[in-house]
Amino acid sequence: MRWAMAGMLLAGGAAGSAGAQTAPRVVADIPPVQSLAAMAMAGVGEVELIVPPGASPHGFTLRPSQAGALERADLVISIGPALAPWLDEAADALARPEAVRLDLLDLPGTHALPFREAAVFAGGHDHDDDHAAHDEDGHDDHDPADAAHAGEHEGEGHDDAGHDGHDHHGLDPHAWLNPDNALVWLDAIADALARIDPARAETYAANAAAGRARIEAAARTAEELLEPVHHRPYVVFHDAYRHFEERFDMPASAAVSLGDAASPGARRVAEVREAIETTRALCVFAEPQMPARLIDSVAGDEVRRGVLDPLGATLTPGPELYPALIEAMAKSLLECLGDRA
Ligand SMILES: [Zn+2]
């Protein structure tokens, strides 16, 4: 009914006002990206989410209804093939030629980080001049004889600890965990919407400005929350947090799984277990829906357990999810790493 009416109005030449025009059909890959798109689309229309809360973008099967959404879309927004190659292929096959595709990792101004192979991150920031000063003070407790760390000081640490031959597209895809990237992407999404739907250009620009303020406020809140726990050692479940680590100066010691969430081999598990001891990790962070036994396989009872939710699986999808996700990450880190009475 809605579509028929809009078509009649267009056919009758009554499409002069924005309200009479059909909203752009927008599809987004994961909840944080859907949230940014929903901010830009506020008051205009809904944004279809492909990977629902609780599902992993690292391996996912498209449902027929989602294939239909891709076929109808005017705008397809995704992190890019580094996160979800299956979605890139589906969009290539299904999206209309005139549909606009935004691969966020490719956008100018996006802060990119290389895919990290090592399990243990003693020198995790050694390619980033801004963070060079952090590398010394964060690792006072390391055993200098620890072989896992020996290569890091020569800048080789990322590359020699376990290539598995998979194509990771070279980039760490979890770039939404840096709110500076979210700001760049929100503007790009609003610009793309304005090109598709020029009648509402002012709405999209105003929505982006309002969203920017909320994201910046969430980043400031996260900075304040994390103030007491900078450089306290911790271990994460999968190597998803480097963008957050660098943005908020919270380097992790190790990750149980690679950034593509592939199951760790015995050698990697052993390296992580050792790193938990040598760095005196205070906390090991699981993720929602992950089996606790993976954490129990690397950490004893003396190490605290926390949960980090990089996709917002426990949050309500929509425009408020993104700022809530950044604040929730900081709260989770503070709760597990903070001093206890
Ligand atoms: Zn991931």
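Here's a quick rundown of the structure. As the structure is a computational prediction, the values presented were derived from the model and not from experiment.

## Side note on the overall build of the protein
Regarding its fold elements, the protein presents 12 helices and 8 strands. For the protein, buried positions account for 44% of its 341 residues.

## Thoughts on the sheet that holds strand 4 (residues 100-103)
Strands sit in the order 2-1-3-4 across an open sheet of 4 strands; the sheet is parallel. If you trace the sheet from one side to the other, it starts and ends with strand 2 (47-49) and strand 4, each paired once. Looking at each pair of strands side by side, their axes are set apart by 20° on average, direction ignored. Strand direction decides the pairing type here: strand 1 (residues 26-28) and strand 2, joined by 3 bridges, are parallel. Within the sheet, the bridge partner assigned to A28 lies in strand 2 and is L49. Relative to strand 2, helix 2 (residues 31-40) is tilted by about 175°, and along the sheet it contacts strand 1, strand 2 and strand 3 (75-78).

## Some details on helix 10 (residues 266-278)
With 13 residues, helix 10 extends 18 Å between its outermost C-alpha atoms, agreeing within 8% with the 18 Å of an ideal straight helix rising 1.5 Å per residue. Of all the positions in helix 10, only R268, E271, V272, A275, I276 and T278 are classed as buried.

## Things to note about the pairing of strand 4
Across 4 bridges, strand 3 lies against strand 4 in parallel orientation. For L75, the partnering residue across the bridge sits in strand 4 and is V100. Following the chain from strand 3 across helix 4 (residues 85-94) to the adjacent parallel strand 4, one finds a crossover that is right-handed.

## Structural notes on unusual backbone geometry
Here H231, not a glycine, exhibits a phi torsion of approximately 65°, which is positive. Relative to the elements of secondary structure, H231 occurs in the loop between helix 8 (201-226) and strand 5 (234-238). The phi angle at R280 is positive, at roughly 50°, despite the residue not being glycine.

## Focus: the environment of S263
Tracing the sequence through the fold places S263 in the loop between strand 6 (254-257) and helix 10. Linking S263 and H238, residues 25 residues apart in sequence, is a C-alpha distance of 9.4 Å.

## Some thoughts on the packing of helix 7 (residues 179-196) against helix 8
At a minimum axis distance of 9 Å, the contact between helix 7 and helix 8 shows a crossing angle of 170°. If you check the angle between helix 7 and helix 8, you find them roughly antiparallel. Where helix 7 approaches helix 8, its residues P179, A182, L183, L186, D187, A190, L193 and A194 are matched on the opposing element by A201, Y204, A205, N207, A208, G211, R212, I215, A218 and A219. Looking at the contact of helix 7 with helix 8 residue by residue, the class counts come to 14 nonpolar, 2 polar and 2 charged.

## Points about the sheet that holds strand 8 (residues 304-307)
Strand order in the open sheet formed by 4 strands is 6-5-7-8, with parallel pairing between adjacent strands. Across the chains shown, the open sheet's two edge strands, defined by having one partner strand only, are strand 6 and strand 8. Adjacent strand axes in the sheet meet at a mean angle of 25°, parallel and antiparallel pairs treated alike. Looking at chain direction, strand 5 and strand 6 are connected through 3 bridges and run parallel. Residue H238 lies in a different strand from strand 6, and its bridge partner there is S257. Helix 12 (residues 321-337) rests against strand 5, strand 7 (283-286) and strand 8 of the sheet, and its axis sits at about 170° to strand 8.

## Describing the environment of E46
Assignment of secondary structure puts E46 in the loop between helix 2 and strand 2. For E46, a count of 13 C-beta atoms within 10 Å corresponds to the partly exposed category. Taking the C-alpha atoms as reference points, E46 and V27, separated by 19 residues in sequence, lie 9.1 Å from one another.

Reading the values: the criteria
Residues numbered from 1 in each chain as written. Predicted model: local features only at pLDDT ≥ 70, side-chain atom pairs only at ≥ 80, totals over all residues. Helix = DSSP H or I, 4+ residues; strand = E, 2+ residues; numbered from the N terminus. Buried ≥ 20, exposed ≤ 12 C-beta atoms within 10 Å, placed from the backbone. Pairing = 2+ DSSP bridges. Axes fitted to C-alpha atoms, helices over the stretch in contact; angles between N-to-C directions. Contact = placed C-beta atoms within 7 Å. Expected span 1.5 Å × (residues − 1). Right-handed = clockwise from strand over helix to strand, strands pointing away. Parallel < 35°, antiparallel > 145°, perpendicular 65-115°, else oblique. Nonpolar A, V, L, I, M, F, W, Y, C, P; charged D, E, K, R; others polar.

Limitation: the analysis is restricted to geometry and does not speak to function.
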